[in-house]
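Residue strings, one per chain:
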Amino acid sequence: MTETRSPRKVLILGALSAMAAATARRLAAQGAEFVLTGRKADALEREANDLKARGAGSVSIQVIDLLETSRCDAVMDLAVEAMGGLDTVLVFYGILGDQAQAETDPQEAERIIAVNYSSAVHWVMAAARALEAHAGSSGVLLTASSVAGDRGRRSNFVYGSAKAGLSVLMQGLAHKWAAQDNAPRAVNLKLGFVDTPMTDGIEKGGPLWAKPDDIAAIAERALVKGGPNVYAPWFWRFIMLAIRVTPFFVFNKVNL
Ligand SMILES: NC(=O)c1ccc[n+]([C@@H]2O[C@H](COP(=O)([O-])OP(=O)(O)OC[C@H]3O[C@@H](n4cnc5c(N)ncnc54)[C@H](OP(=O)(O)O)[C@@H]3O)[C@@H](O)[C@H]2O)c1
């Protein structure tokens, strides 16, 4: 997709996610500047070099465990300083966790909620403040949520509840911004099955599975227009509509 706007100034929270990296490669080809965050310095350096080779402007890295939410505003300030502005924040970090363990070990349930939801609330709110201050209507905040948040099911309802929280947070933010002049845009990707390291433990294959670059193409388009809810790929909108309206007496017989 061709953009007529100036290259984006992008902060990625969870830049080492397979989908985040694929999205960054597409934006790099448009000359975007980046601040990449993640826990692994070496891998971030490699990604930064790769993005520069693909046409990115400046690329900085910030090594951080994103559970360190006391640093949210400082990271936003650092991004603004490094790029001379900030107009795009991508929130891609997350974990699947272990549902069976979470049912007997409160620490695992807490870990799933902390990574996917409670820390994300801090980062989303800090990003919203930064985009309001520095980008106005050219700002976009994009999050990676999941269709798992559309209806609780036995195989992953702790993770699903965290993603449901994230989706509602983003819907509310989009609703708030819709009532304001010169406000940024909130886009929440509701992802289906994607072949990434996160899903390594799950049997893959078949038409429902997407590749990271399929999602990157959707994210790239969603940064230009659309939202606030973007099912990725699109067919999940209809699958989840069917799943949401299925009565309990039928749903209870389905092993999902
Ligand atoms: N893959 C799917 O089928 C699918 C479906 C629905 C939604 N999603 C969502 O999509 C997003 C991206 O996932 P992905 O599939 O691209 O998986 P991925 O490649 O495994 O990426 C997840 C990334 O999150 C990072 N991360 C986790 N906890 C972190 C923390 N505390 N601080 C900093 N970074 C942290 C991981 O960093 P480390 O390398 O340091 O562990 C990893 O780079 C996630 O939010 C996920 O929930 C994925």
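Check the entry above for the structure.
Computed from a predicted model, the values in this text were never measured in an experiment. (Residues numbered from 1 in each chain as written. Predicted model: local features only at pLDDT ≥ 70, side-chain atom pairs only at ≥ 80, totals over all residues. Heavy atoms only, no water.)

Caption draft 1: Molecular detail of the overall build of the protein. Across its full length, the protein carries nine helices and seven strands. For a compact globule of 256 residues, the expected C-alpha radius of gyration is about 18 Å, and the protein comes in at 18 Å, within 12% of that figure. Its C-alpha atoms put the protein at 55 × 40 × 35 Å along the principal axes. Of the contacts made within the protein by residues no fewer than 6 positions apart, 71% connect residues no fewer than 24 positions apart. Looking at the protein as shown, the accessible area adds up to about 12,000 Å², and 55% of this sits on carbon and sulfur atoms. Taking the average location of the 27 positive side-chain charges in the protein and that of its 26 negative ones, the two points are 7 Å from each other. (Helix = DSSP H or I, 4+ residues; strand = E, 2+ residues; numbered from the N terminus. Rg over C-alpha atoms; globule rule 2.2 N^0.38 Å. Contact = heavy atoms within 4.5 Å. Areas by Shrake-Rupley, 256 points an atom, 1.4 Å probe, with all protein chains shown as cover. Lys, Arg positive; Asp, Glu negative; His and termini not counted. Charge placed at Lys NZ, Arg CZ, Asp CG, Glu CD.)

Caption draft 2: Fine view of the nonpolar core. Of all hydrophobic cores here, the largest spans 41 residues; its most connected members are Leu11, Leu86, Val89, Trp123 and Leu141. Broken down by secondary-structure element, the contributors of at least two residues to this core are β1 (9-13), α3 (72-83), β4 (88-91), α5 (106-134) and α6 (157-178). Top contributing element to this core by residue count: α5, with 11 residues. Look past the residues within four positions of Leu86 in its chain and what remains in contact with it is Lys9, Leu11, Met76, Ala79, Val80, Ala130, Leu131, His134 and Ala135. (Core = buried A, V, L, I, M, F, W, Y, C linked by side-chain atoms within 4.5 Å. Buried < 20%, exposed > 50% of the residue type's maximum accessible area, 1.4 Å probe, protein only.)

Caption draft 3: The pairing of strand β7 (residues 229-232), seen in detail. Both strand β6 (residues 185-191) and β7 contribute to a ladder of four bridges, which runs parallel. Bridge pairing links Leu191 to Ala232 in β7. (Pairing = 2+ DSSP bridges.)

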